[in-house]
Structures are given as C-alpha cells and as structure tokens.
Amino acid sequence: MRQYSALYDTIKYLKKNKGAMLGLLLIVAFILIAIFAPYIAPSSPIEQNLKNNLKPGIWANNPTNILGTDEFGRDLLSRILYGARISLSVGFIAVFIGMLLGGSAGIIAGFFGGKIDEIIMRIVDIMFSLPSILLAIVIVAILGRGLDKAMIAIGITYAPQIARIIRAETLVVKNAEYVEGAKAIGSSSMRTILVHILPNVMSPIIVYATLSTGSAILDAAALGFLGLGAQPPTPEWGAMLADSFHSITGGYWWVETFPGIAIAMTVLGFNLFGDGLRDSLDPKLRI
Amino acid sequence: MKNYILKRILNLFFVLFLVSIIIFLLLRLAPGDPAKVIAGEHASQEIIEEIRIRLGLDKPLITQYFIWFKQILRGNLGTSIQSRDSIMKELLLRFPNTFELSVFAMIFAGIIGFPAGIISAVRRYSFLDYVSMFIALIGVSMPVFWLGIMLLMVFGVKLDLLPIGGRLSVYIPLKPITHFYLIDSLITLNGRAFFDTLKHLILPSIALGTIPMAFLARITRSSMLDVLHQDYIRTAKSKGLRQSIVIRKHALKNAMIPILTTAGTTFALLMGGAILTETVFSWPGIGTYVVQAVYARDYPVVQGSVLFIAFLIAITNLTVDILYAYLDPRIHYQ
C-alpha cells in the first residue's frame, strides 16, 4: 500500500513538472521514431546515389531530401531516423550492462561486507580516477572497434557509480527487520539478495539509469565520432558526424548540423526527465 | 595537517599503483601479439621470437609487470611501438598544449557558469533563472565535439574570423622554451605569435569549457540555494545589511566549499572532453596522442598516457583536498 502511494505521489509530482513532461515527450517521440523508422523514412539509410551527393534540403527547394543528402548521396533525414534505433538501443543496452555489472558488484559488496567489500570498492575507486570516456576508449582498445564493443565499454564505465549507489542502499536494507526475519527462517544468501534486497534498492537506480541513458548516448556518439564505435555505413549519429567532418570547409553545413541536433534532443529528453524524476523521488529537493 | 597531507600523498601513490596494475593487466588481455605487431606482417618466426625476448615478453606476467613498474618509478613510461620515441618525452611535450587549453576552458567556464549560478540562486524562479538553467541543461546534453564542429563551421569557415585548427599558424616562428606557447611568446616578446596563439585558443576553449560551465552553473546554484536558507543569512539580512554584502560576504564564501570539492570532477570532465575537442581542432595534445595510439594499437602509449592522465587527476584531487582543509576551519583531520 505504501509503495503504491509513493508511486502515486511521484507520478502526480512528475505530471506537474513541465520540464519532466517535455523530457518524456522527447523520449517517447524518439522511441516511436526508432520503432517506425522503416515506415516513416523516405528512403534507404544506406543506399548510395553518388550523382545526388551533398544536395541541400527543403530550404533550397528540394522536397525529396528534406534535410539534404550526404557525400554519398544518401538521404540525411532517413539516416537520422534510422540512427534513433542505434542510439537508443546503445543507450539502453549500455545502461543495462552497467546495472547488471555494477548492481551485482554493489549488492555483493554491501551484503557480504569485509574483504569482498573492500576489494570491490577499491576497484570502483580506481575506475573513478579516470574520465569515463577515456576508460571507454581503453576498453575499446582492448576489445576492438565496433558498436557492440562500444556498448560493453560504455556499460562498464557506468558500473562503478551504480555499484556505489546500490552498495549504500544495500547497507541500509540489510539491517531491516524483514531481512533479519528471512535469514532467521533459513533463507539462503542468494534468495535473500534476490527476493528481499534487490526489489528494495531499485528506486534510486531508476533515476540514475534515466540520467545515464542520456550520457551513454553521448558517449556512444563520442566513440562513434572517434571512429571507435559504430563503423560506416551504419547510420549512427556520432559516426555520421565523423564521416562528413572533412566536408565542412565546403560549406555543406547540413551534414554536420542535423545529426548533432538529433543527439542533443535525445539526450536533453533523458536529462529533463531524469532531473524531474530525481526531484520527485527526493522530497528534500522539492523546494 | 602535515600528517593528513602525508597520508593523502601515500594514498595517491597507492591508487596510482593499483591503476598501473589494472591498466597493465587489461592491455595484456588485448588480442594480438605485440611482438608480431612490431615485427610486421611478413616477419619470420625467429624475428618475432627475438623481439619477444628483447621486450621481455617471454618472461612471466608478474616479472613483466615489475620490470615495467620499475621503469615508471624512474619516470620512464617506455617507448612507442610506432615511432620508437620515448612516451614520457612525448607526453611532456604535449602536456603544455593540453594544459593551456584546459586553463582557458576553465576560465571560460568560470566567468560564465559561476555568475549564472549565483544569479539563478539569488533570483530563483525568475526568468533569468529559467533561462540560465535551461542553457546549462542544453550544455550538458550537447556532444562536446559537435559544439566544436558548429563553432568551427560558423566562426572558422563561414565568417572566416578564427583559425580552424592547430596550435599556431605555420608561418609564424616561435622559439620553444617552456612549450607553453603563450608564455614562450611573452618571454621572446613575440607579439604576433602571442595573438595568433590566443586566436587558436578561442574556439577549442569554448567547446571544451561548455560542459564544465553548465556543471559549474548547476552546482553553484544548488550550493548557493542551500546556504541562502541558513539562519545566519537571515540574521545578516535582518540586521539590515545590504543584499550585495550578504551575498558576497556571507553566502558566497560558504557556498564556495561544496563548489570547490567538485573541482576534481570538473578536471576529470575537462580531460575527457579534451580527447574529443583536440580531435576536432587537430590540437597536438595528450588527447589526440591517446586516440592515435588506440588506432595504431600502440599499447605502451595507451598504457603510459592513461597512467599520466590518472596521475594528473589524482594530483588535482589532492590539491583540492588540501585547499579544502585550509578553507574550511570546521574540518579537522586526524
């Protein structure tokens, strides 16, 4: 019952928060674009048409390519729409990997304590001493380039923060009476963790996951831009910026402008919604 | 205090020691035999074997690590597989470039983010607050490298006001002394080089400074809001002090402490951003060095640079912590 009312409160508060609603709108819009990309994209994101390269868009009376074309004559709008699929899935999968790794490390550290705790938290400290993008670059250097590897690399860089949050929550929940009770009736460590602790440490992670999805998308775009993430001809937004970077001196501004706007809008959506969610879950911040 | 500083320095070396172990192990996990990479594709088995022995790759992992670690303690990070140059030398040569860029980015972040945060806190829920917080939010949502590209396109290409990359125009001679170009041009009284260096610094500094600016504005705002609700602020106001004095003397000083603690995080953000900004502006700094090494699978360079960056960040955190202890008399360290 209490949980229901907390959830109700949160939703009520979120509904009043205009920023959070705008964020949610952006997220939903990009998810819909990602799902329906094949139906709404005017043409193929990969098929080249060299005769039609670097054409300006609708502002120069070009109704077939609304946002213009890139240096291989591919329709920029179609590539951006398909790109939503890649960026969103990278964001979600990377954060999921981070939650899986960081979450299990955090719960184990918090639940068992002692030496295990110390070792895990030391590793977390070390990972914190490096900028996340550098860490991701090092991991990509080891695993090799590619979108799948970039997802793993980004996921690993988010694990330490998640481990810290989950560990702190676990330390609190561990001493609750219902956990003591479960232990007293002979519940195994595994069962205690999965049934009694995990569900009760999830709520701070939801906020962090939302905010991280935004930055995971940014990091994936950064790796793509450095040529370490998605490889051509994949229509990944960061890689698109890298592919046509050399053509900016020619004044073909659209190829470098629109993919960036797509990234910024998606990330803004997650940040707005994440900020709102954090404020609504933390009554102290409701000032 | 002395003990505290000593303890922190020891801790710093301990963390770096652990970082070195992890970096070493991680890069040993990487696929591909470094001896094969050096020998080239068509080398015979004997040559590969010879290189392996020369590099010590035939020895057990622990021995390899300690050989490497001993080198590090002597300030030797090894040599690049690609160029055969000393990695330490290259890093020290590039460090001034990255440092100069970071300082300018920080100045940019400070002169905009700091006042924006204060004004937003003092005039909370005003139009100005909403505007600056929205800009800050966009600042953290934008890819740094994209902002760099946009700046390049507008000010470098379209308006042709500023250079589109590099550190100094090739036709301007500058005698390197400290390798900090601004300092070198001042020492040698080279006005042309000085202004040219400044021109090259503007766009990358704005690109690199934007995320720290947004971050600083948000931290300053929330920290100021916390302080403005304290009793001593109410007291100061009720005894009739002017608002500007209350803010400057009572609120700001206390709000500075939490802001300062984020300086380490901000610096880490800068170093991360530098990797991307330097790539966009073909800036010959540490960031481009790492990225090129990753492309070339030049693992010693990756190892060395990562350790170097970890060292820089650790030093920054240490300095901040010590400053913090001086600034806040409430904090005592055992």
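Residues numbered from 1 in each chain as written. Chains lettered and ligands numbered in written order. Predicted model: local features only at pLDDT ≥ 70, side-chain atom pairs only at ≥ 80, totals over all residues. Heavy atoms only, no water.

Peer 1: I would appreciate a short explanation of the overall build of chain B in the present structure.
Peer 2: Looking only at helices and strands, one finds 14 helices and 0 strands in chain B. Taken from N to C terminus, the helices and strands of chain B fall in the order α-α-α-α-α-α-α-α-α-α-α-α-α-α. Only carbon and sulfur atoms are counted for the fraction: they give 66% of the accessible area of chain B, which is about 17,200 Å². If the 31 positive side-chain charges of chain B are averaged to one point and the 19 negative ones to another, these points end up 13 Å apart. (Helix = DSSP H or I, 4+ residues; strand = E, 2+ residues; numbered from the N terminus. Areas by Shrake-Rupley, 256 points an atom, 1.4 Å probe, with all protein chains shown as cover. Lys, Arg positive; Asp, Glu negative; His and termini not counted. Charge placed at Lys NZ, Arg CZ, Asp CG, Glu CD.)

Peer 1: Help me understand the overall build of chain A, please; the structure alone is not making it clear to me.
Peer 2: When helices and strands are tallied, chain A shows 11 helices and 0 strands. Start at the N end of chain A and walk to the C end: the helices and strands fall as α-α-α-α-α-α-α-α-α-α-α. Dimensions along the principal axes, computed over C-alpha positions, put chain A at roughly 75 × 45 × 30 Å. Taking all 287 residues of chain A together, the buried fraction comes to 53%. Total accessible area computed for chain A in this model is approximately 13,000 Å², and 66% of it derives from carbon and sulfur atoms. (Buried < 20%, exposed > 50% of the residue type's maximum accessible area, 1.4 Å probe, protein only.)

Peer 1: Even after reading the chapter, I still don't get a nonpolar patch on the surface, so can you show me in this structure?
Peer 2: A surface patch of nonpolar side chains, about 670 Å² in accessible area, is lined by Leu24(A), Val28(A), Leu32(A), Ile35(A), Phe36(A), Tyr39(A) and Ile40(A). Looking at where Phe36(A) falls in the secondary structure, it is placed in helix α2 (residues 18-40). (Patch = residues over 30% accessible without salt bridge, like charges linked within 9 Å, V, L, I, M, F, W, Y side chains within 5 Å. Salt bridge = Lys/Arg side-chain N within 4 Å of Asp/Glu carboxyl O.)

Peer 1: Whenever I open this one, the packing of aromatic side chains confuses me. Can you help?
Peer 2: Pairs of aromatic rings are described using the distance from one ring centre to the other and the angle between the two planes. Per the counting criterion, the structure on display carries 23 aromatic pairs over all chains. Seen in terms of ring centroids, Trp253(A) and Trp254(A) are 5.8 Å apart; in terms of plane orientation they differ by 85 degrees. Their pairing is edge-to-face. Exposure remark for Trp254(A): the relative accessible area of 5% places this residue in the buried category. Here the aromatic rings of Trp253(A) and Phe258(A) are separated by 5.8 Å at their centres, their planes lie at 55 degrees, and the arrangement is tilted. Relative accessible area serves as the criterion here: at 18%, Phe258(A) is assigned to the buried category. In this structure an aromatic cluster arises from ring pairing among Phe17(B), Phe24(B), Tyr65(B), Phe66(B), Trp68(B) and Phe69(B). (Phe/Tyr/Trp six-rings, centres within 6.5 Å; stacked < 30°, edge-to-face > 60°.)

Peer 1: Can you walk me through the interface of chain A and chain B in this structure?
Peer 2: Many authors give the size of an interface as the accessible area that is lost as the parts come together. Contacts between the two partners involve 38 residues from chain A and, on the opposite side, 47 residues from chain B. Together, Ile126(A), Ile142(A) and Leu226(A) form the three largest contributors to the area buried by chain A at its contact with chain B, with a combined 16%. On the surface where chain A and chain B come into contact, there are 1 salt bridge. Residue Asp275(A) pairs with Arg218(B) through a salt bridge whose shortest N-O separation is 2.6 Å. Applying the counting criterion to the chain A and chain B interface returns 7 residue pairs in polar contact (both at pLDDT 80 or more). Contributing elements (two or more residues each) for the side of chain A that touches chain B: α4 (114-128), α5 (132-143), α9 (202-225) and α11 (253-281) of chain A. Per-element tally for the side of chain A that touches chain B: the top contributor is α11(A), with 13 residues. Among the residues making up the side of chain A that touches chain B, the classes are represented as 26 nonpolar, 7 polar and 5 charged. (Contact = heavy atoms within 4.5 Å. Buried area = accessible area lost by both parts, 1.4 Å probe. Polar contact = N/O pair within 3.5 Å; in protein donor to acceptor, adjacent residues only side chain to side chain. Nonpolar A, V, L, I, M, F, W, Y, C, P; charged D, E, K, R; others polar.)

Peer 1: How do you make sense of unusual backbone geometry when you look at a structure like this?
Peer 2: Phi is mostly negative for residues that are not glycine, and the peptide bonds are mostly trans. Along the chain, Pro232(A) connects to Pro233(A) via a cis peptide bond; the corresponding omega equals 5 degrees. For Pro233(A), the location among the structural elements is in the loop between α9 and α10 (237-243). Positive phi values are uncommon outside glycine, yet Leu189(B) reaches one of about 50 degrees. One can find Leu189(B) in the loop between α8 (181-187) and α9 (191-228). For Leu189(B), a relative accessible area of 77% puts it in the exposed group. The residue Arg297(B) is not glycine, and still its phi comes out positive at about 55 degrees. With respect to the helices and strands, the residue Arg297(B) is situated in the loop between α13 (286-295) and α14 (299-327). Residue class for Arg297(B) comes out partly exposed when judged on its relative accessible area of 33%.

Peer 1: Honestly, the confidence of the model for chain A in this entry has me stumped. Any pointers?
Peer 2: Detailed conclusions should not be drawn from predicted coordinates in areas where pLDDT is low. Across chain A, the average pLDDT comes to 88, with 95% of residues at 70 or higher. Helix α1 (residues 2-16) of chain A is the least confidently modelled element of chain A, averaging 72 in pLDDT, while α2(A) averages 94, the highest of any element. (pLDDT = per-residue confidence, 0-100.)

Peer 1: Please clarify how the packing of α11(A) against helix α7 (residues 144-158) of chain B should be interpreted in this entry.
Peer 2: For any two helices packed against each other, the geometry is given by the interaxial angle and the distance between the axes. Packing of α11(A) against α7(B) leaves a shortest axis separation of 10 Å and a crossing angle of 150 degrees. Relative to α7(B), α11(A) is oriented roughly antiparallel. Considering how the two elements wind past one another, α11(A) and α7(B) form a crossing that is left-handed. Across the interface between the two elements, Trp253(A), Glu256(A), Thr257(A), Gly260(A) and Ile261(A) from α11(A) touch Trp146(B), Ile149(B), Met150(B) and Met153(B) from α7(B). Partitioned by chemical class, the residues of the contact of α11(A) with α7(B) number 6 nonpolar, 2 polar and 1 charged. (Axes fitted to C-alpha atoms, helices over the stretch in contact; angles between N-to-C directions. Parallel < 35°, antiparallel > 145°, perpendicular 65-115°, else oblique. Left-handed = near helix turned anticlockwise from the far one by under 90°.)

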